[in-house]
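# Chain and residue survey
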Amino acid sequence: MKKLFGTLFLSSALVLTACGNETEEAHDEHSDHEHDEVAGLDVELTTPETTEAGEEVEFVAHVTSNDEDVNDADKVVFEVLKDDESLDHIDGEFDENGKYKIKYTFEESGTYEVISHVDANGLHTMPKNEVVVE
Ligand SMILES: [Cu+2]
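## Side note on the coordination of the copper ion
Reference values for angles at a metal are 109.5 degrees in the four-donor tetrahedral case and 90 or 180 degrees in the six-donor octahedral case. All of the protein donors around the copper ion are H117 (ND1), H124 (NE2) and M126 (SD); their distances to the metal are 1.9 to 2.5 Å. Each donor residue of the copper ion belongs to the same chain, with the gaps between them written as H-x6-H-x1-M. We classify H117 as buried; its relative accessible area is 15%. Taking the relative accessible area as the measure of exposure, M126 reaches 42% and is therefore partly exposed.

## Quick notes on the environment of A73
Relative to the elements of secondary structure, A73 occurs in the loop between strand 4 (68-69) and strand 5 (75-82). Separated by 25 residues in the primary sequence, A73 and G98 have C-alpha atoms spaced 8.5 Å apart. Leaving out residues up to four positions away in the same chain, A73 has contacts with Y100, D119 and A120.

## So, the nonpolar core
Of all hydrophobic cores here, the largest spans 22 residues; its most connected members are F59, V63, V76, F78, F106 and V114. Contributions of two or more residues to this core are made by strand 1 (42-46), strand 3 (56-65), strand 5, strand 8 (99-105), strand 9 (110-120) and strand 11 (128-133). F59 has contacts with T46, T47, P48, F78, V80, Y100, K101, I102, Y104, F106 and V114, leaving out every residue within four places of it along the chain.

## Focus on the pairing of strand 11
Sheet analysis places strand 2 (residues 50-51) next to strand 11, joined by two bridges and oriented parallel. Pairing of T50 across the sheet is with V132, part of strand 11. Of the pairings in the sheet, the one linking strand 9 to strand 11 comprises six bridges and is antiparallel in character. For T111, the partnering residue across the bridge sits in strand 11 and is V132.

## Re the packing of aromatic side chains
A complete count under the given rule lists six aromatic pairs for this structure. On the basis of an interplanar angle of 55° and a centroid distance of 5.2 Å, the ring pair of F94 and Y100 is categorised as tilted. Residue F94 is classed as partly exposed on the basis of its relative accessible area, which comes to 40%. Owing to a relative accessible area of 5%, Y100 belongs among the buried residues under this scheme. Note on F106 and Y112: the rings are 4.6 Å apart at their centroids and 50° apart in plane angle, and the pair reads as tilted. Here F106 matches Y112 in class, with each residue buried.

Conventions used here
Residues numbered from 1 in each chain as written. Predicted model: local features only at pLDDT ≥ 70, side-chain atom pairs only at ≥ 80, totals over all residues. Heavy atoms only, no water. Donors = N, O, S within 2.8 Å, 3.2 Å for Na, K, Ca; no water. Buried < 20%, exposed > 50% of the residue type's maximum accessible area, 1.4 Å probe, protein only. Helix = DSSP H or I, 4+ residues; strand = E, 2+ residues; numbered from the N terminus. Contact = heavy atoms within 4.5 Å. Core = buried A, V, L, I, M, F, W, Y, C linked by side-chain atoms within 4.5 Å. Pairing = 2+ DSSP bridges. Phe/Tyr/Trp six-rings, centres within 6.5 Å; stacked < 30°, edge-to-face > 60°.

Here you go:
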């Protein structure tokens, strides 16, 4: 058993050495390729937790991919729901630094859900927040 462990350890050391021997150019190309392959999509949705009926509020979706702002998302749509019934679909307006916004006014009190549907990089992400309207 001890012998087997020693052999495995030696093998990984050899692999590491082989990787270090790659030419720098080839290595860079490889990294760029991998970066493209794993482009992710993250959306941070910011809405007020509470507001009042008739008051204008702002919804902001901050769209990022691998920690970089996405300023050319294919689609950002804010959906407002109440009791699982969809009330509104509104296109987000690009502001800056990966942020898409709309202004919205809730007409009646109640508990609502706001979803930001975002399409970018061939991916779809849709975080959801709750807004209580007094
Ligand atoms: Cu969606």
